[in-house]
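Chain by chain, the residues:
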Amino acid sequence: MSEATLPDTPVNIADHGAVRLITVNRPDKLNALNAATLDALDAAFAAAADDAGVRAVVLTGAGSKAFVAGADIAEMNTLSPVQGRDFSLRGQRMMRRVEKLSKPVIAMVNGFALGGGLELAMCCHLRIAADTAKLGQPEINLGLIPGFGGTQRLLRLAGRAATLELCLLGAPIDARRAHELGIVNRVVATAELQAETLKLAAQLADSAPLALRGALDCINVGGECGIEEGLEYEAAQFGLMFATEDMREGTGAFLERRKPTFKGA
Ligand code: COA
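Residues numbered from 1 in each chain as written. Predicted model: local features only at pLDDT ≥ 70, side-chain atom pairs only at ≥ 80, totals over all residues. Heavy atoms only, no water.

### Some points on the packing of helix α1 (residues 35–50) against helix α3 (residues 81–99)
Phase 1: At their nearest, the axes of α1 and α3 sit 9 Å apart, and the two run at 20° to each other. The angle between the axes of α1 and α3 places the two elements in the roughly parallel class. Judged by the twist between their axes, the crossing of α1 over α3 is left-handed. Taking contact as the criterion, the partners of Ala-35, Leu-38, Asp-39, Leu-41, Asp-42, Phe-45 and Ala-46 in α1 are, on α3, Phe-87, Arg-90, Gly-91, Met-94, Arg-97 and Val-98.
Phase 2: Looking at the contact of α1 with α3 residue by residue, the classes come out as 8 nonpolar, 1 polar and 4 charged. (Axes fitted to C-alpha atoms, helices over the stretch in contact; angles between N-to-C directions. Helix = DSSP H or I, 4+ residues; strand = E, 2+ residues; numbered from the N terminus. Parallel < 35°, antiparallel > 145°, perpendicular 65-115°, else oblique. Left-handed = near helix turned anticlockwise from the far one by under 90°. Contact = heavy atoms within 4.5 Å. Nonpolar A, V, L, I, M, F, W, Y, C, P; charged D, E, K, R; others polar.)

### Some words on the sheet that holds strand β10 (residues 173–174)
Phase 1: Strand order in the open sheet made by the 4 strands is β5-β7-β9-β10, with mixed pairing throughout. What marks the edges here is a single partner per strand, and that holds for β5 (66–68) and β10.
Phase 2: Examined bridge by bridge, strand β7 (residues 112–114) and strand β9 (residues 134–136) share 2 bridges and lie parallel to one another. Opposite Ala-113, over in β9, you have Leu-135 as the bridge partner. (Pairing = 2+ DSSP bridges.)

### Some details on the domain arrangement of the chain
Phase 1: Domain annotation of the chain identifies domain 1 (2–206) and domain 2 (209–256).
Phase 2: For domain 1 versus domain 2, the separation of C-alpha centres amounts to 27 Å.
Phase 3: Domain 1 puts 11 residues into the contact, and the matching count from domain 2 is 7 residues.
Phase 4: Across the domain 1/domain 2 interface, buried area totals approximately 700 Å², and carbon plus sulfur atoms make up 56% of it.
Phase 5: If you sort the residues of domain 1 by the area they bury against domain 2, Arg-55, Arg-96 and Ser-102 come out on top, with a joint share of 48%.
Phase 6: Counting the contacts that link domain 1 with domain 2 gives 1 salt bridge.
Phase 7: With a shortest N-O distance of 3.1 Å, Glu-224 and Arg-96 are connected by a salt bridge.
Phase 8: At the junction of domain 1 and domain 2, the tally comes to 2 residue pairs in polar contact (both at pLDDT 80 or more). (Domains from an automatic or database assignment. Buried area = accessible area lost by both parts, 1.4 Å probe. Salt bridge = Lys/Arg side-chain N within 4 Å of Asp/Glu carboxyl O. Polar contact = N/O pair within 3.5 Å; in protein donor to acceptor, adjacent residues only side chain to side chain.)

### Observations regarding the pairing of strand β2 (residues 11–16)
Phase 1: Pairing geometry for β2 and strand β3 (residues 19–24), over 6 bridges, is antiparallel. In the strand pairing of β3, Ile-13 is matched with Ile-22.
Phase 2: The antiparallel hairpin formed by β2 and β3 contains 2 residues in its connecting segment, where Gly-17 sits at a positive phi of about 60°.

### Points about the site of the ligand
Phase 1: Taken together, 17 residues surround the ligand, and among them Lys-29, Lys-65, Ala-69, Ala-71 and Ile-73 come closest.
Phase 2: A distance of 2.4 Å separates an oxygen atom of the ligand from a polar atom in the side chain of Lys-29.
Phase 3: Ala-69 is positioned with one of its backbone polar atoms (N or O) 3.0 Å from a nitrogen atom of the ligand.
Phase 4: Mapped onto the shell around the ligand, the elements with two or more residues apiece are α2 (73–76) and β7. (Near = heavy atom within 4 Å.)

Have a look at this one:
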């Protein structure tokens, strides 16, 4: 396992084989997202996108209490309206990068995922939560609204009723309720969270990278267009798969009753 910290940034990076672990590292502030952290995350995800050796990403928060407890309230307290809009756009841009990454990203929700923390988890492709985690959009209690895509992604993930409840009332929910609402994919015991998440990430890292990318692209496009356009896009991506060695390998391995080895070619 190689490990490196981005210079002067509150984000840590560690590679576990082809799985990149990105950790928000401000545990004394429950990993709250200030502008510097947003920029460090943006850089970390850009680097993961460009590194051919990275085939899956896990995102988590340092310490035992929080994934991310929100945007940095101290930093926001003094912002002007223009600065507030810029802060929102900064977070939205970074989270859009994560959502559109052509490699799977798993949020390992190890504690509080509140406000910007839930928004960060929701831009990831899969979410695994510790059974002790608490999730919510409490911005209303600060005289604010979600500003990093929360009103939009929660609506698409969990529907109108749950989104209205979380955003208007501002009360956190526990991991099991988040699972019932479809906000998280799996809930596991805290002690097993890291092992279970890395196991799932390793499975994704062994999977066919170009097929993963095709599926992610189709699902991203499909979430934002009509069914006809989405189906056409899917058919084009499906056709493209037949140009890959991995498709010959995957179908060939099935027919030969052996395990496939995918290369991303
Ligand atoms: N922004 C900035 N600092 C934050 C923060 C945030 N979103 N969330 C926590 N912190 C800081 C606290 O100010 C405190 O710093 P300090 O020790 O220098 O005073 C430190 O992190 C620990 O938090 P604390 O509140 O003492 O922990 P707790 O266990 O008592 O409570 C929470 C945990 C998550 C319930 C509480 O921190 C909280 O409500 N945070 C804000 C959640 C929120 O509204 N998020 C949306 C922001 S838009």
